[in-house]
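Observations on chain architecture
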Amino acid sequence: MGKKKNTANMLNPNNNRLDYGNILSPPNNYELDFAIGTTYSLDLDSLVGASISLGLSEDTDSELINNPVYLLDALKKTGDKIALFCEGGQIHPPSKPTPLYILLEKMVFQVVTSKNNKSRYPSFHPKIWLIRFQNKETKNPLYRIIVLSRNLTFDRSWDISFTMDGEKVLDECDHLITTDKNEQLIDLLKYLRRFTKDSKKSNKISKIIGELNYIHFDLNDKKFHDFDFIVNGINDEYTIKNYPLFTDTFDEILIMSPFLTGSVINDFNQRAKAQRECILITKSMSLGKLSPEDCDNFEVYTLKDEIIDGETLISEDENEFKYEEPIYEKNKNEFKYEEPIYEKDENSLISEDIAKQDIHAKLFMVRKGSRCDLYLGSLNASHNSIYGNVEFMIRLHSKGRYLNITKLAEDIFNGEKGGKNSPFQLVSLKNMIDEETNENNHLDSVIKLINRYKPKAEIINKNNKYDIELKLNKLDSIKENKLYENIDSIKINPLLSDKEEEIDDKIVFKDLDKLQLSEFFITTIKENDETFKRVIKIPTENMPTDRENEVINSIIKDKDSFIVYVAFLLGEEYILTGFDNKYNQEKSYFTNSFELQLPALYEKMLKTAYYDPKRFKELDFLIKSISQDGVIPKGFEELYNTFEEVIK
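None of these values were measured; they are calculated from a predicted model.

Details of the side chain of Lys-514
Tracing the sequence through the fold places Lys-514 in the loop between β24 (506-512) and β25 (520-527). Judged by its relative accessible area of 16%, Lys-514 is buried. At 2.9 Å, the side chain of Lys-514 and the side chain of Asp-546 are in polar contact. Not counting residues up to four positions away in its chain, the partners in contact with Lys-514 are Tyr-466, Pro-544, Asp-546, Arg-547 and Glu-550.

Below is the structure:
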């Protein structure tokens, strides 16, 4: 069946790297039916990459991602098949917006949480994909659950993932066997469905909810004998604090969490049995959240500076790190790290454009007696995460002989904890100040506040030019909030237009073209020397229904691009053989061999019309969308009409 074995892709960070494209791609002989994703923050370019993997089984870093014709095909194929839920106000603006981003609007749904009993807005923080694949021949479903600690962004931090596949199971009488293992996953989908403004996608989620009662996920790994899905924060009944991780004593524990609250770590510290191994791995910036008394039973580790500064600092030949020991400055109660010394070797030097990285994985391993539980997912060891945020974790049950703290630590530390190949360093805490972890700065909070007051927009058609009228509710309440005190300005502009206006109760963006219209708006906050930008999706009335046609016309401008796009529509073998990258590399390729390419294309059209009429109908949409003369090759439309009559 082409099942994908489950994976925990950070247990040895030097050898196991998360291949996002691989875990999203359909197995052999399967195709995407529908995918539901969740993330706290979202990069729109990352969503494009995910669409390529889900729809076309291509790597997210494929060279063809630079071909707009290829991207158009990927986004067209997946637009109705993806529902991506993110925290409202946490969409990062793309570096180079293009009209193709219009096709992402139908995929993205913002989740805006309600105040809890502590008068705060919890964050929507789960990071999962639930994908329904369908067998191309039998039409039987294959489900894949992917539990992640990473957001759908280009962040270079170290994360962890776990995947497993599931199918329907029949008993000896060919009756479907039900399961209650997916109850919490089902309830999360019901929660998400409330934020879906698309009736077709809402109905699709409802269908998946019903089918999950019969889907049996297979761990397919001898290390684990059982699992639990854990949802936190969708209502008062769903809380991880009632699980043994937060209620029971234990013999050993390993925690990896980038963000911390001292009281949470202190609770683990109190429940730890004396003389047992307790390991805490976190970011150096989070050490100030702890006092020595919070973690006196723990060994505390952070990433070495040379790892944070760039992964190319790991010597490819020697696989070791060269660094100076940290110096502790007692008068400042902190560690100071001197500049690392590197050998002048191409494998040891860091280039200026290498992105910094740190840990972002969330992992808890607890052993009590022979029982060993591994918790993976989105939950930090922080107060906000446990007592409010919407989170998703998976609990994997194991036995000490298969998986234990020693084995896990060897993987994470690449051998011995203090070894030269370890990416982590042991640190100590003295007189650190205990304070509440705040994962979001106040400018983030201002964006979320604007989003929670439900802005609305309306399109006004003025003889093929358009105005966008934007209304912001309760703007006075926003400006009176203490978060607003030091802000210099807040401006907003449509994603595809550089017309920027100061935030006000009512804003009008005038004289826009159709391809400048979008439900995505960039909000820019300036405070002192800091500029902070986020995209919010604003419900917009009277949006022209033919914008998608305009997007197609902006990409399919000539016969060459038309032929390439038709090739993509008719079958992936065209991507892998005749066309490959030639459209990008040699524009004259199709013009010079035009007569040679068309007969093969017509033969493929005939086969597709007979064997796969659904795909053939996509050509109808393409032909009707093209409005410019000279784009459709002479005779192509007549031949298409003939094939269409044959199908009828």
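Don't stop here, the text continues.
A closer look at the sheet that holds strand β11 (residues 252-256)
Spatially, β10-β18-β17-β16-β11-β12-β13-β19 is the arrangement adopted by the eight strands of the open sheet, whose pairing is mixed. Among the strands making up the open sheet, the edge pair consists of β10 (224-232) and β19 (424-427). This sheet shows a mean twist of 20° between the axes of neighbouring strands, independent of strand direction. As paired elements, strand β16 (residues 363-368) and strand β17 (residues 371-377) share six bridges and run antiparallel to each other. Note on β17: the bridge partner recorded for Arg-367 is Cys-372.

Observations regarding the sheet that holds strand β8 (residues 161-168)
Read across the sheet, seven strands follow the order β5-β3-β1-β6-β7-β8-β9 without closing on themselves; strand pairing throughout is mixed. Each edge of the sheet is formed by a strand with only one pairing partner; in this case those strands are β5 (108-111) and β9 (215-217). Strand-to-strand twist of the sheet, defined as the mean angle between neighbouring strand axes without regard to direction, takes the value 20°. The strands touched by helix α4 (residues 183-193) within the sheet are β1 (30-39), β3 (82-87), β5, β6 (128-135), β7 (141-148) and β9, with β6 carrying the most contacts at an inclination of about 100°.

Focus: the packing of α4 against helix α5 (residues 199-211)
At their nearest, the axes of α4 and α5 sit 10 Å apart, and the two run at 170° to each other. Between α4 and α5, the angle is such that the two are roughly antiparallel. With respect to the hand of their crossing, α4 and α5 are arranged in left-handed fashion. Residues Ile-186, Leu-189, Lys-190 and Arg-193 of α4 form the contact with α5, whose own contacting residues are Ser-202, Ile-205, Ser-206, Ile-208 and Ile-209. For the contact of α4 with α5, the per-class residue count stands at five nonpolar, two polar and two charged.

Details of empty space enclosed by the protein
Under the definition given, this model contains three cavities of 30 Å³ or more. By volume, the second largest cavity amounts to about 50 Å³. Residue lining of the second largest cavity: Pro-244, Leu-245, Asp-248, Thr-249, Phe-250, Val-366, Arg-371, Asp-373 and Tyr-375, and that is the complete set. Of all the elements in the fold, those that place two or more residues in the lining of the second largest cavity are α6 (244-247) and β17.

Analysis parameters
- Residues numbered from 1 in each chain as written.
- Predicted model: local features only at pLDDT ≥ 70, side-chain atom pairs only at ≥ 80, totals over all residues.
- Heavy atoms only, no water.
- Helix = DSSP H or I, 4+ residues; strand = E, 2+ residues; numbered from the N terminus.
- Buried < 20%, exposed > 50% of the residue type's maximum accessible area, 1.4 Å probe, protein only.
- Polar contact = N/O pair within 3.5 Å; in protein donor to acceptor, adjacent residues only side chain to side chain.
- Contact = heavy atoms within 4.5 Å.
- Pairing = 2+ DSSP bridges.
- Axes fitted to C-alpha atoms, helices over the stretch in contact; angles between N-to-C directions.
- Parallel < 35°, antiparallel > 145°, perpendicular 65-115°, else oblique.
- Left-handed = near helix turned anticlockwise from the far one by under 90°.
- Nonpolar A, V, L, I, M, F, W, Y, C, P; charged D, E, K, R; others polar.
- 1 Å grid on protein atoms, 1.4 Å probe; cavity = no way out; pocket = protein on both sides within 12 Å on 5 of 7 lines; lining within 4 Å.
- Points joined across faces, edges and corners; volume = space filled by probe spheres on them.

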